[in-house]
Amino acid sequence: MRRLTSPLVWRGLLAILVGVIAVAWPGITVGAFVILFAVYAFLAAGMEAMRAFRSETAGSVAGRSLLSLLNVAAGVVALAWPGITALALALLIAVWAFVIGFFELYLAFSGGATAGERALLGLTGLISVALGLVFAIRPDVTVVTIAEVYGLFSIVAGISSLVMSANLRSGTPLGVGT
């Protein structure tokens, strides 16, 4: 059993540490997200370049080469202007929340749903639209909020891992109360 629980303990402790850092210093967390995006963009560029030179048709080579260059540009922009990159992420989330909210409102007023479902869809839609508006008006708050929510999630996930580890060590089946 010890072999199974040690990774859970380390994972839990690391998740809690990362969560505390994210909540205490959301700016550092946002910076890390931007760097991870840049690394992803560079890796995607490399993959597209490899696929381009393995292709047998000229159209595929040109298209994949262009995608590779766009990914490199995205990575460079993310590293050169991390603030703009973080704000672009915030605005993307704002647009997503806004669109989802209007779609939920549309579903609330279209036929085929019960009154309770329509009320729930309407309320959820209004909250999503409001969230989208707030995020669009204050994208700086959005990126900090994302970092803090990530931190809180990480803390909860870490505690969950520690609890699972304790249950495995004690022999208590998961999901069974004491």
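Worth saying up front: this structure is predicted, and the values here are computed from it rather than measured.

K.L.:
Whenever I open this one, the packing of helix H4 (residues 82–109) against helix H6 (residues 139–170) confuses me. Can you help?
P.N.:
Angle between the axes and distance between the axes: these two values describe a pair of packed helices. Interaxial distance between H4 and H6 falls to 8 Å at its minimum, and their mutual angle equals 90°. The angle between the axes of H4 and H6 places the two elements in the roughly perpendicular class. Where H4 approaches H6, its residues Ala-86, Leu-87, Ala-90, Leu-91 and Ile-93 are matched on the opposing element by Pro-139, Asp-140, Thr-142, Val-143 and Ile-146. Residues that form the contact of H4 with H6 fall into these classes: eight nonpolar, one polar and one charged.

K.L.:
Explain the confidence of the model for the chain to me, please; I cannot follow it from the model alone.
P.N.:
Caution is warranted with low-pLDDT regions, since their predicted coordinates should not be read in detail. Averaged over every residue, the pLDDT of the chain is 87; residues scoring 70 or more account for 93%. For the chain, helix H1 (residues 2–24) is the element with the lowest average pLDDT, namely 86, and helix H5 (residues 115–137) is the one with the highest, namely 91.

K.L.:
Can you walk me through the nonpolar core in this structure?
P.N.:
Looking at soluble globular proteins, one finds that nonpolar side chains tend to be buried together. Counting eight residues, the largest nonpolar core consists of Val-30, Val-34, Ala-38, Ala-78, Ala-86, Ala-90, Val-143 and Ala-147. Contributions of two or more residues to this core are made by helix H2 (26–54), H4 and H6. A per-element tally of this core places H2 first, with three residues. Beyond its immediate sequence surroundings of up to four residues, Ala-78 is in contact with Val-34, Phe-37, Ala-38 and Thr-85.

K.L.:
Which parts of the structure should I look at to understand the packing of aromatic side chains?
P.N.:
Ring pairs (aromatic) are described by centroid distance and by the angle formed between their planes. Overall, the coordinates contain two aromatic pairs when judged by the stated rule. Ring geometry for Phe-33 and Tyr-150: centres 5.4 Å apart, planes at 75°, overall edge-to-face. With Phe-33 in helix H2 and Tyr-150 in helix H6, the pair connects residues that are 117 residues apart, well separated along the chain. According to the relative accessible area criterion, Phe-33 is partly exposed, its value standing at 28%. Tyr-150 gets classed as partly exposed once you look at its relative accessible area, which sits at 34%.

K.L.:
Please clarify how the pattern of salt bridges should be interpreted in this entry.
P.N.:
Side chains bearing opposite charge may pair, as long as their charged atoms lie close to each other. The tally for this structure, following the rule as stated, stands at three salt bridges. Ionic pairing is found between Glu-48 and Arg-64, a salt bridge with its closest N-O pair at 3.1 Å. In this pair, Glu-48 sits in helix H2 while Arg-64 sits in helix H3 (residues 58–80), placing the two residues 16 residues apart along the sequence. The class of Glu-48 is buried, set by a relative accessible area of 15%. Each of Glu-48, Arg-51 and Arg-64 takes part in one network of salt bridges that share partners.

K.L.:
Just checking my understanding: could you explain the environment of Leu-107 for this structure?
P.N.:
Tracing the chain through its elements places Leu-107 in helix H4. Exposure remark for Leu-107: the relative accessible area of 29% places this residue in the partly exposed category.

K.L.:
Looking at this model, I keep getting lost on H2. Mind explaining?
P.N.:
Side chains that are three or four residues apart share a direction in an α-helix, a result of its 3.6 residues per turn. For H2, which comprises 29 residues, the first-to-last C-alpha distance of 42 Å matches the rise-based estimate of 42 Å (1.5 Å per residue) to within 8%. Those residues of H2 not exposed but buried are Pro-26, Thr-29, Val-30, Val-34, Ala-38, Ala-41, Ala-44, Ala-45, Glu-48 and Ala-52.

Each value, and the rule that gives it
- Residues numbered from 1 in each chain as written.
- Predicted model: local features only at pLDDT ≥ 70, side-chain atom pairs only at ≥ 80, totals over all residues.
- Heavy atoms only, no water.
- Axes fitted to C-alpha atoms, helices over the stretch in contact; angles between N-to-C directions.
- Helix = DSSP H or I, 4+ residues; strand = E, 2+ residues; numbered from the N terminus.
- Parallel < 35°, antiparallel > 145°, perpendicular 65-115°, else oblique.
- Contact = heavy atoms within 4.5 Å.
- Nonpolar A, V, L, I, M, F, W, Y, C, P; charged D, E, K, R; others polar.
- pLDDT = per-residue confidence, 0-100.
- Core = buried A, V, L, I, M, F, W, Y, C linked by side-chain atoms within 4.5 Å.
- Buried < 20%, exposed > 50% of the residue type's maximum accessible area, 1.4 Å probe, protein only.
- Phe/Tyr/Trp six-rings, centres within 6.5 Å; stacked < 30°, edge-to-face > 60°.
- Salt bridge = Lys/Arg side-chain N within 4 Å of Asp/Glu carboxyl O.
- Expected span 1.5 Å × (residues − 1).

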